[in-house]
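In case you want the letters, here they are:
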Amino acid sequence: MRPRDQSRGISPAITHVLTVSISAMLITALLLSASGLFREQRERVARQQLNDIGGQLSSQLDRVDRLSQSGTNVSATMRTNYPSSVAGRPYTMWLTSQGDTGLLYLNASSLGVQVRIAVANQTRIEPQRVTGEDIRVITEHSAAGQYITIRN
Amino acid sequence: MVTDRTARRDRGQMLLVGAFIIALVILGIVVMLNGIEFTENVGNQNSITAAEDAARTQQMIRRDLRQMLVYVGPRNEVTGYTQFPAADDLDENLTTYSGYRANMSVGNTGAYVNATLNDDRTHEGEFLVEPDPSIGYEKPDGLTDASWQVADDTHAVQGFVMNVSTDGSGSGVTANVTDGTTEWNLTVISDGRIYVNKSTGTAPTCTVSTDYVLVNVSAGEFTHPSGAGCGEFSFAEGVTRPYDVYFTRRSGTWANGNYTMAVRTDDGGMALGFGAGSGDAYTRPVVMNPVVDVVFEDSALSYESELEVNTSEQP
């Protein structure tokens, strides 16, 4: 009796196709699950960074606000520099006020992330929207009185 | 010798497949990590420090300017000092001071600092002084009028200090402020009775038992000495600007004493000094509420402001 052929039913081509297919399925599954994790991580990083930037800008607005109270016809420009993007995406800042309360909104719209920072101000806020990077915090005197704002 | 070529070919394919998988994993990771940036350091401490330096510089200039007003103006016989220097004197001293301040600032913080007198916003005035207490409140030209005017149509009177003898040697004096409709007055009688905006037929506002009383009329304070009830009061209460100031004698004779008064003149007001002879009341041009332009400049902050020092406040 001839010994049974051990390679019966095995084709090298099918073996390779199966190997590649299973590997591809495993890698795809890995990437899909990891992409969700990274998306959350990216949003978290963006939110944290917007909070940091907003906190610093709020502090600078507070200092310029105090300077605006230090005399009459005050004109001051504080030159600041922030990252042009957060988590690799551009963002905008919107300085506005609600009643007597100053508010600073930072928005990375492509990530769907927005944070709101309160601004302690005595001087009137002139609403303004700017993009990140080089930002000037300004106080000037106009016909309507002293105001603070931000500009690129 | 027989060689198993099939096994060698299988091993090569496994290496190829392994390399392909590893390349795919690396490519996937790169694609996913691309665009992720972790929180950058967003420190802007320079701008915060610059703002604090600018505010501190401004406060120092304000404090130094208050002292400068006292030391630049000539001393007077009533209070021993004046906060009302001449414009040229103040400008000259301020230029010197600004140079020193700039050097200090460059040495300490590297910032450029400058302080200059703002001629357009600084008020002009006249400082009226009656230096001789023996002449007292009598009209300086020797006329015997029962009252005489010292300030006309003014919007501001500062440094109005009356030194009145209360040793009983004279009679009394009333300082009157009027806008033509409403009148406010302060009367000091030589026996020590003081009336603030009330008739001398009523109970006095306060009574002093010393030989003289020093009243900072425009500040509403009894500087020295003060008696019971001699608290603070409001100068020219109820009187609208512009107003006149005039003295009135009491019972035929004037009180002894001397006085000073700064009258703003750049808005149509006028101080009426006489300067007829030695010891007579005279006037000299001064600045009132000087305004100084302050500049602070460094790499993170440009700051300019107008700093006004109120000369009506005590130094």
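Look up: the structure comes first, before these words.
Bringing the interface of chain A and chain B into the picture now. One frequently used descriptor of interface size is the decrease in accessible area upon assembly of the parts. Listed by partner, the interface residues are 37 residues for chain A and 37 residues for chain B. Taking both sides of the interface into account, the surface hidden between chain A and chain B amounts to around 3,200 Å²; carbon and sulfur atoms contribute 60%. Remark: the boundary between chain A and chain B carries 2 salt bridges. The closest approach of N and O atoms between Arg 79 of chain A and Glu 297 of chain B, which form a salt bridge, is 3.7 Å. Breaking the side of chain A that touches chain B down by element, the ones donating at least two residues are α1 (12-68) and β1 (72-81) of chain A. The element contributing the most residues to the side of chain A that touches chain B is α1 of chain A, with 20 residues. Its residues placed into classes, the side of chain A that touches chain B shows 14 nonpolar, 19 polar and 4 charged. Direction of pairing for β1 of chain A relative to strand β16 (residues 301-308) of chain B: antiparallel, over a ladder of 5 bridges. Looking at β16 of chain B, one finds that Ala 76 of chain A is bridged to Tyr 303 of chain B.

Turning our eyes to something else, we now look at the packing of aromatic side chains. Residue and element names in this part refer to chain B. Enumeration according to the criterion identifies 10 aromatic pairs over all chains in this entry. Ring centres of Trp 184 and Phe 233 lie 6.0 Å apart, and the angle between their planes is 25°; on these two criteria the pair is classed as stacked. Taken together, the positions of Trp 184 in strand β6 (residues 183-189) and Phe 233 in the loop between β10 (221-224) and β11 (243-249) put the pair 49 residues apart, joining distant regions of the chain. Take Phe 233: its relative accessible area is 13%, and that puts it in the buried class. One aromatic cluster is present, formed by Trp 148, Phe 160, Trp 184, Phe 222, Phe 233, Phe 235, Tyr 243, Phe 247 and Tyr 259 through successive ring pairs.

Comment: phi is negative for the bulk of residues other than glycine, and the bulk of peptide bonds are trans. All names here are of chain B. Backbone torsion omega between Arg 241 and Pro 242 reads -5°, so that peptide bond is classified as cis. Tracing the backbone shows Pro 242 in the loop between β10 and β11. With a phi angle near 55°, Asn 197 is a residue other than glycine that sits in the positive phi range. Mapped onto the secondary structure, Asn 197 falls in the loop between β7 (193-196) and β8 (206-207).

Nonpolar side chains tend to gather and get buried jointly when the protein is soluble and globular. Judged by nonpolar contacts, the single largest core of 54 residues is most densely connected at Leu 57, Met 93 and Ile 150 of chain A. The dominant element in this core, judged by the number of residues it contributes, is helix α2 (residues 45-72) of chain B, at 8 residues. In this view, Met 93 of chain A contacts Ile 53, Leu 57, Tyr 82, Tyr 105, Leu 106, Gln 128, Arg 129, Val 130, Gly 132, Ile 135 and Ile 150 of chain A; residues no more than four positions away in its chain are not counted. Core analysis: the next-biggest nonpolar cluster, separate from the first, contains 38 residues, Met 162, Val 188, Cys 206 and Trp 254 of chain B among them.

Parameters at a glance
- Residues numbered from 1 in each chain as written.
- Chains lettered and ligands numbered in written order.
- Predicted model: local features only at pLDDT ≥ 70, side-chain atom pairs only at ≥ 80, totals over all residues.
- Heavy atoms only, no water.
- Contact = heavy atoms within 4.5 Å.
- Buried area = accessible area lost by both parts, 1.4 Å probe.
- Salt bridge = Lys/Arg side-chain N within 4 Å of Asp/Glu carboxyl O.
- Helix = DSSP H or I, 4+ residues; strand = E, 2+ residues; numbered from the N terminus.
- Nonpolar A, V, L, I, M, F, W, Y, C, P; charged D, E, K, R; others polar.
- Pairing = 2+ DSSP bridges.
- Phe/Tyr/Trp six-rings, centres within 6.5 Å; stacked < 30°, edge-to-face > 60°.
- Buried < 20%, exposed > 50% of the residue type's maximum accessible area, 1.4 Å probe, protein only.
- Core = buried A, V, L, I, M, F, W, Y, C linked by side-chain atoms within 4.5 Å.

None of the figures reported here should be taken as evidence of function without further support.
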